[in-house]
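An overview of the molecular structure
These are the residues of each chain, in order.
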Amino acid sequence: MGGGGARRDPRQVWETAVAAHRAGDLPKAEKLYRSLLKLVPDQVDTLENLALVLERLGRGAEALRIAQDGLRLAPERTRLDALRGRLHAAAGRPDRAMEAFDRVLARDPSDLRARHDRASARIVLGRLDAAEEDVRHLESAAPREPWVHVLRGNLQRERGDAAGAASSFRAAAAVAPDDLAVSMNLGQVLAEAGDREGALGAFREARRIAPDRPEPVLRIAEVRRGTERDADFAALERLAKDPKRAGVDPHTVLFTYAKALADLGDADGSFDALARAHAAKRRKDPYDRRRTEERLRAIPVRYSQAFLDARGAAGHEDDAPVFVVGMPRSATSLVEQVLASHPAIHGAGEVEDLRQVLEGASLLPDGFVGDAAETCDWAGLGSDYARRLRARAPSDAIRVVDKTPLNSLWIGAIRCMLPQARIIVCERDPRDTCWSIYRHDFAGTYAFAHDLDDLGAFHRAHDAVVAHFASVVPEDRLLRVRYEELVDAFEPQVRRLLDFVGVPFDAACLDFHQNARAVRTASAQQVREPLFRSSVGAWRRVEARLAPLLASLGQA
């Protein structure tokens with residue numbers, strides 16, 4: 001015989017790989033499945049199992065490539081389509097995920113997991129009525145499953161029904177009292193509704209369920225107002241000393257630790273923790289300042305007065321959308337909360353609808369200032385966006401607010417899509433704005449925020465974009481609101497806002513802090529309190545540490 005050795009039995013390799021897979025030894029299972037593919041290439045069962053292993057190992061991009069290889073060989077393989085859907089969802093591609101789940105359910109309408117996953121994708125896409133159909137189907141098929149209650153709660157959260165969402169999560173907790181995710185979801189929705197004590201109770205229950213997990217410790221620290229170095233603070237401090245050992249991203253712990261130190265009055269310690277947090281995040285999320293500034297300078301060139309005038313009558317004629325935009329932490333949450341306290345106005349919060357619509361038309365990330373803007377169907381895009389936004393609101397809402405701050409960069413696209421939409425630009429002392437941005441860990445990607453010099457430069461470039469649109473958009477469609485003026489003359493400014501959006505004055509807007517709607521931003525707790533001036537000039541408390549920012553803003 002030759003020197004190559006005996007050929008391994010593929011059946012034996014398969015059985016050993018499956019046994020390792022079932023036992024949870026995923027690295028061994030991966031190695032064996034790969035060796036099996038060398039023995040028997042293009043074996044669909046092996047490709048499917050390898051993709052499932054890679055999914056569990058958190059290697060989604062690899063898993064997706066393997067799943068697609070399997071689907072090319074077996075286009076009707078339902079489990080591979082379902083896996084592809086989950087991987088697209090995990091990667092932030094809900095539209096592709098939903099298409100995959102549609103195919104699964106077309107073949108097998110009884111697949112409850114696929115129906116759950118499709119409903120989740122529909123919620124992310126703002127297709128809430130369609131998601132409602134899936135949720136009702138699941139409630140009929142599996143009424144006592146905790147994940148069905150959680151899905152209902154997520155749908156209610158997206159509709160702004162904080163009380164309903166809390167009720168659904170409590171129902172899930174009653175069925176699964178030791179489920180960590182259920183308690184964490186309940187705490188989150190209570191925090192969004194302004195129920196601080198209820199949220200703390202739910203997060204402490206989560207810590208009881210999983211005393212070694214970092215998530216409850218972090219959420220307790222984020223919600224509480226800690227003025228003592230108590231047991232809660234000690235638990236957070238242990239995480240901050242060695243976050244990697246706890247299995248959590250360092251920046252996540254350090255932002256929360258900085259907030260806790262600030263609550264204790266330790267301004268220098270808090271700033272040091274913030275600097276460490278941003279350094280960690282910058283390594284993970286690098287920023288191309290030159291590229292960003294080039295893109296921002298291109299926006300006024302593309303959306304010139306002539307360009308907008310030429311498309312003035314081409315958009316979708318819906319006057320329900322109200323865009324509240326501006327730099328993050330420039331009072332967009334406050335303005336939305338004031339407006340949403342009016343009975344005729346619904347606040348949809350920060351939503352992905354505009355980004356998704358523009359991406360679907362190949363207008364992002366760079367095309368929105370390129371050739372695609374010349375030929376796209378602006379009316380169709382406006383209709384699609386308006387449909388998504390209206391699905392988030394009660395049918396009797398006259399106006400619906402989209403409070404996604406940096407939609408300010410897309411005012412030109414908004415004008416082409418929805419010429420009757422109203423745009424409110426929030427502005428604030430740039431020193432306070434930037435200091436507040438620097439203090440917060442945003443769910444979105446604000447890579448410009450991780451360096452004080454970059455942050456100041458981005459603010460200046462953003463201001464130039466806003467100034468351009470303020471000069472080319474009619475005054476009855478764009479309103480600039482200063483936070484300091486809102487604080488100093490609250491009722492006149494509220495009347496100005498309501499007059500601009502075209503609804504009569506309602507005194508409920510003056511008592512915005514009593515509105516129990518869900519607020520899913522960093523300002524969730526602040527908008528539950530009466531208006532205060534303490535944040536005006538807050539940057540001065542750390543002025544000595546902000547020299548790079550002040551120089552970049554031109555205010556050194």
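One can find the structure itself at the top, above this paragraph.
Here we summarise the structure given alongside this text. The written sequence of each chain sets the order in which its residues are numbered from 1. Where totals are concerned, whole chains, interfaces and linings use all residues; where local detail is concerned, this predicted model gives features only for residues with pLDDT of at least 70, and gives and counts side-chain atom pairs only at 80 or more. As a convention, hydrogens and water are excluded, and side-chain values are obtained from all of the structure's heavy atoms.

A word on the overall build of the protein
Secondary structure elements follow DSSP: runs of H or I of four or more residues count as helices, runs of E of two or more count as strands, with numbering from the N terminus. In terms of helices and strands, the protein carries 28 helices and five strands. Just to be clear, the radius of gyration here is over C-alpha atoms, and the globule rule we use is 2.2 Å times residues to the power 0.38. Taking 2.2 N^0.38 as the reference for a compact globule, 556 residues should give roughly 24 Å; the C-alpha atoms of the protein span a radius of gyration of 26 Å, in line with that estimate. When accessible area is computed with a 1.4 Å probe and restricted to protein chains, residues below 20% of their type maximum are described as buried, those above 50% as exposed, and intermediate ones as partly exposed. Here the protein, with 556 residues, has 54% of them falling under the buried criterion. Taking all contacts inside the protein whose residues are at least 6 apart in sequence as the whole, residues at least 24 apart take part in 68%. Carbon together with sulfur atoms contributes 49% to the accessible area of the protein, which is approximately 24,800 Å² in total. His is not counted here, nor are the chain ends, while Lys and Arg score as positive and Asp and Glu score as negative. We put the charge of a Lys on NZ, of an Arg on CZ, of an Asp on CG and of a Glu on CD. Positive and negative charge centroids in the protein, built from 83 and 84 side chains respectively, lie 4 Å apart. Whether two residues are in contact is decided by their heavy atoms: any pair within 4.5 Å suffices. Residue-level accessible areas treat just the shown protein chains as cover; the underlying method is Shrake-Rupley with a 1.4 Å probe.

Examining the environment of Arg-428
Tracing the backbone shows Arg-428 in the loop between strand 4 (422-427) and helix 24 (430-438). Assessed through its relative accessible area of 11%, Arg-428 is described here as buried. Taking C-alpha positions, Arg-428 is 9.2 Å from Glu-485, a pair spaced 57 residues apart along the chain. Beyond its immediate chain neighbours, meaning those up to four positions away, Arg-428 contacts Arg-329, Ser-330, Thr-433, Ser-436, Arg-482, Tyr-483, Glu-484 and Ser-535. Separated by 2.6 Å, the side chain of Arg-428 and the backbone oxygen of Arg-329 make a polar contact. Polar contacts, as used here, are pairs of N or O atoms within 3.5 Å; protein pairs need one atom able to donate a hydrogen and one able to accept it. Residues neighboring in sequence count only if both atoms are side-chain atoms.

Describing unusual backbone geometry
The backbone phi angle of Arg-329 is positive, close to 65°, even though this residue is not glycine. Of note, Arg-329 is situated in the loop between strand 1 (321-326) and helix 19 (332-340). Look at Arg-329 and you get buried, because its relative accessible area is 11%. The phi angle at Ala-331 is positive, at roughly 90°, despite the residue not being glycine.

Some thoughts on helix 14 (residues 231-241)
Regarding helix 14, the residues found buried are Asp-232, Phe-233, Ala-235, Leu-236, Leu-239 and Ala-240. Buried residues in helix 14, looked at end-on, bunch into an arc of 160°, giving them a common side. Away from its buried face, by an angle of more than 90 degrees, helix 14 presents the exposed residues Ala-231, Arg-238 and Lys-241. In this structure, the buried side of helix 14 is in contact with helix 12 (196-209), helix 13 (214-223), helix 15 (250-263) and helix 16 (267-284). Near the N-terminus of helix 14, the side chain that reaches the backbone nitrogen of Asp-232, with its oxygen 3.3 Å away, is that of Asp-230. Comment: arc refers to directions from the helix axis out to C-beta atoms.

Quick word on the packing of helix 9 (residues 146-158) against helix 10 (residues 162-175)
To obtain an axis, a line is fitted to C-alpha atoms, over the contacting stretch when the element is a helix, and the angle between two such axes runs from 0 to 180 degrees between their N-to-C directions. One way to put it is that helix 9 packs onto helix 10 with a least axis distance of 8 Å and a crossing angle of 170°. Relative to helix 10, helix 9 is oriented roughly antiparallel. Contact residues: helix 9 offers Pro-146, His-149, Val-150, Arg-152, Gly-153, Asn-154, Gln-156 and Arg-157, while helix 10 offers Gly-164, Ala-165, Ser-168, Phe-169, Ala-171, Ala-172 and Val-175. Should an angle fall under 35 degrees it is taken as roughly parallel, and over 145 as roughly antiparallel, whereas 65 to 115 is taken as roughly perpendicular and any remaining angle as oblique.

Considerations on helix 4 (residues 60-73)
Relative to the 20 Å expected for 14 residues at 1.5 Å per residue, helix 4 spans 20 Å between its end C-alpha atoms, a close match to the ideal helical length. For helix 4, every residue scored as buried is listed here: Ala-63, Leu-64, Ile-66, Ala-67, Gly-70 and Leu-71. Each buried residue of helix 4 lies within a common arc of 165° when the element is viewed along its axis, so the set occupies one face. The outward face of helix 4, more than 90 degrees from its buried face, is lined by the exposed residues Ala-61 and Arg-72. Packing partners of the buried residues in helix 4 comprise helix 3 (44-56) and helix 5 (78-90). Multiplying one less than the number of residues by 1.5 Å gives the expected span of a helix.

Some remarks on the packing of aromatic side chains
Paired rings are identified among Phe, Tyr and Trp, the last through its six-membered ring, by centres lying within 6.5 Å, and are further divided according to the angle between planes into stacked (under 30 degrees), edge-to-face (over 60) and tilted (the rest). Summed over all chains, the structure comprises twelve aromatic pairs. Judged by centre distance (5.7 Å) and plane angle (15°), the ring pair of Phe-271 and Trp-435 falls under stacked. Taken together, the residues span a long stretch of sequence, with Phe-271 in helix 16 and Trp-435 in helix 24 at a distance of 164 residues. Since its relative accessible area comes to 5%, Phe-271 is described here as buried. Aromatic pair Phe-490 and Phe-512: ring centres 5.7 Å apart, planes at 65°, arrangement edge-to-face. Of this pair, Phe-490 sits in helix 27 (residues 490-501) while Phe-512 is found in the loop between helix 27 and helix 28 (547-553), placing the two residues 22 residues apart along the sequence. Residue Phe-490 shares its accessibility class with Phe-512, and that shared class is buried. We note Arg-428 situated over the ring of Tyr-483; from NZ or CZ to the ring centre the distance is 5.2 Å. Distance and angle both matter: a charge sits over a ring if NZ of Lys or CZ of Arg is within 6 Å of the ring centre and within 35 degrees of the ring normal.

In short, geometric facts, not functional conclusions.
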